[in-house]
Amino acid sequence: MTATKRLFLETVGCQMNVLDSELVVAALRRQGWDMTASVSEADAIFYNTCSVRQHAEDKIYSALGRVRFEKEKRPDLIIGVLGCMAQKDQEQIRARAPWVDLVVGPGQLHRVPGLVKLVQDGGGPQLEVSLDRKAGSRDAVAESFESYDPDRDPSMRPTPFQAFIRTQTGCDKFCAFCVVPRVRGPEQARPPEAIFAEARKLVGEGCREITLIGQTVNSYRWSDGGRTTRLADLLVGLDAIEGLDRIKFVTNYPRDMTDDLIAAVRDLPKVCHYLHVPAQHGSDDVLKRMKRGYTIGEYMEMYGRLREAIPHAAVTSDFIVGFCGETDAEFELTLDLVKTVGFKNSFIFKYSPRPGTKAFDRQPDDVPEAVKKERNRVLLDAQAEVSLVGNRRFIGSRQQVLVEGLSTRDEKRAIEPGPDGVAQLTGRTMCDRIVVFDAPLRLVGRLVDIDITAAGAWSLSGEVADGLADAVPLERLERPEPLVHQIDLPATPRGH
Ligand code: SAH
Ligand code: F3S
């Protein structure tokens, strides 16, 4: 019998990539592979990559530079580049790093086990990517992006009681700055039955929180005969699953925030009152140059409907600073928006020109890096102030928190408390606010009440309330090994 082969996998980027990694690992495990956290012990080193900003790509190219020597020492080592950068750069990856054996785009990940076998059998380097967006009819391109969601590997999830489910792949919005429609292909919805079946299976395995993910999750539409299913209908179906506690969904496109969806969020008890609806900018002119498809007036109309229906909802946004031609006056409009709207938090990015986007082809990247950096700082400071004011309102209140695990502080200390050892834990409220508190580790995976005693811009802290007996136990709690190395999460609500 041959010894078990070991895979080191590093994941960069968004939740889609975290989910993709879970699926690749599940498929390789079935072929007898195991995971390792050590590069020197690995028989294969894979990077699941992100192309949204240059910075994420640079990280991967430097990681590839580091593993070159490992490959020289051990020629049988398989080096793989998976995901969005593979789709975007294709042959260029091997031109820059000829020691790479596998280049596999996000629409071809189901082929990874077969391709690994080909490399092992001496078939040489393998490249599998989907068609470029202009390389054929929409249907032909769509068909070349396949998704294979049913295969899951719980050990790859950040926690065993939280899971992502994909509602659709790709994006058809083509915002001028964004490479996603190019690397993830046309928008394709999954059938509602597949989504419900996956949710029931996950809940059966002990999962308590499901986050639906799609590039524009609220654009979800599935037509079958005369019947159309929208995101609001998916939420109704998921809410009825016994054993599931919380439902979230990201990312929302402002124009598709319909009244029926807002009503579903308001009325369904398990759906979190947390909505990530990126505005991207505060100026109509810039939004136009970004080809976002709405004005600030329309965004505020949507925001008003949302606030009216769910006054305490936590709304978060993404912003890009230093987009092509952004003037001081235009930036001020973004700053005003952040100061007045009251987002729970905002993810702020410096514009990074991406080959293959409309902005890259037609609009010069003319805002100097130093100006981008300064605007980023100013906007982040403004958001921090707004977030702090928002969070302070919670001091003195009691919040139900889903306990997620050790706080970053105690994770860094790598403490190993006994079954009842008290540690600093972290969890989230129904509105996605991070709460830090001291409690026994056995509470991980449970819903507990926390009395909030202090607030910072990015988190609350508090104490476990009386009546711990009410905490709902999680059967089959396993602590996953930290094998998903996540860096540079772009639009995720996690991570602050
Ligand atoms: N709909 C996706 C968006 C993916 S990109 C989602 O699921 O969130 C995430 C965020 O990165 C975008 O909302 C945008 O704010 C930012 N972004 C995208 N392209 C960018 C670029 N070229 N430069 C800087 N930021 C970018
Ligand atoms: Fe789609 Fe990217 Fe715009 S994912 S909605 S093109 S920000």
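A few points on the structure. (Residues numbered from 1 in each chain as written. Chains lettered and ligands numbered in written order. Predicted model: local features only at pLDDT ≥ 70, side-chain atom pairs only at ≥ 80, totals over all residues. Heavy atoms only, no water.)

## Digging into unusual backbone geometry
Here is step 1: Backbone torsion omega between Val-250 and Thr-251 reads 0°, so that peptide bond is classified as cis.
Here is step 2: Within the secondary structure, Thr-251 sits in the loop between β13 (246–250) and α10 (259–267).
Here is step 3: Phi at Lys-291 takes a positive value of approximately 55°, unusual for a residue other than glycine.
Here is step 4: Inspection of the secondary structure puts Lys-291 in the loop between α11 (284–289) and α12 (296–309).
Here is step 5: Residue Lys-291 is classed as partly exposed on the basis of its relative accessible area, which comes to 42%.
Here is step 6: The phi dihedral of Asp-432 is positive, around 70°, even though this residue is not glycine. (Helix = DSSP H or I, 4+ residues; strand = E, 2+ residues; numbered from the N terminus. Buried < 20%, exposed > 50% of the residue type's maximum accessible area, 1.4 Å probe, protein only.)

## Focus: the sheet that holds strand β15 (residues 314–321)
Here is step 1: Here 3 strands make up an open sheet; going across it, the order is β14-β15-β16 and the pairing parallel. The strands lining the two open edges of the sheet, one partner per strand, are β14 (274–276) and β16 (346–350). For this sheet, the mean angle separating the axes of adjacent strands, direction not counted, is 10°.
Here is step 2: Pairing analysis gives 5 bridges linking β15 to β16, with the strands arranged parallel. Residue pairing in the sheet places Val-321 in a bridge with Lys-350 of β16. (Pairing = 2+ DSSP bridges. Axes fitted to C-alpha atoms, helices over the stretch in contact; angles between N-to-C directions.)

## Focus on the site of ligand 2
Here is step 1: Near ligand 2, the surroundings consist of Cys-171, Lys-173, Phe-174, Cys-175, Phe-177, Cys-178, Val-180, Pro-181, Gln-215, Thr-216 and Arg-292.
Here is step 2: When its residues are assigned to classes, the shell around ligand 2 shows 7 nonpolar, 2 polar and 2 charged. (Near = heavy atom within 4 Å. Nonpolar A, V, L, I, M, F, W, Y, C, P; charged D, E, K, R; others polar.)

## Describing the site of ligand 1
Here is step 1: Contacts to ligand 1 come from 14 residues, most closely from Gln-215, Thr-251, Gln-280, Asp-318 and Ser-352.
Here is step 2: A distance of 3.0 Å separates a nitrogen atom of ligand 1 from a polar backbone atom of Phe-177.
Here is step 3: Here a nitrogen atom of ligand 1 and a backbone polar atom of Ser-352 are 2.8 Å apart.
Here is step 4: Protein burial of ligand 1: of its 540 Å² of free accessible surface, 92% is covered by the chains.
Here is step 5: At the level of secondary structure, the elements contributing two or more residues to the shell around ligand 1 comprise β15 and β16. (Polar contact = N/O pair within 3.5 Å; in protein donor to acceptor, adjacent residues only side chain to side chain. Areas by Shrake-Rupley, 256 points an atom, 1.4 Å probe, with all protein chains shown as cover.)

## A short note on the packing of helix α8 (residues 192–204) against helix α9 (residues 231–239)
Here is step 1: With their axes 10 Å apart at the nearest point, α8 and α9 run at an angle of 30° to one another. The angle between α8 and α9 falls in the class roughly parallel. Helix-helix and strand crossings are classified by hand; for α8 and α9 the assignment is right-handed. For the pair α8 and α9, the contacting residues are Pro-192, Ile-195, Phe-196 and Ala-199 in the first and Asp-233, Leu-234, Gly-237 and Leu-238 in the second.
Here is step 2: Along the lines of polarity and charge, the residues of the contact of α8 with α9 split into 6 nonpolar, 1 polar and 1 charged. (Parallel < 35°, antiparallel > 145°, perpendicular 65-115°, else oblique. Left-handed = near helix turned anticlockwise from the far one by under 90°. Contact = heavy atoms within 4.5 Å.)

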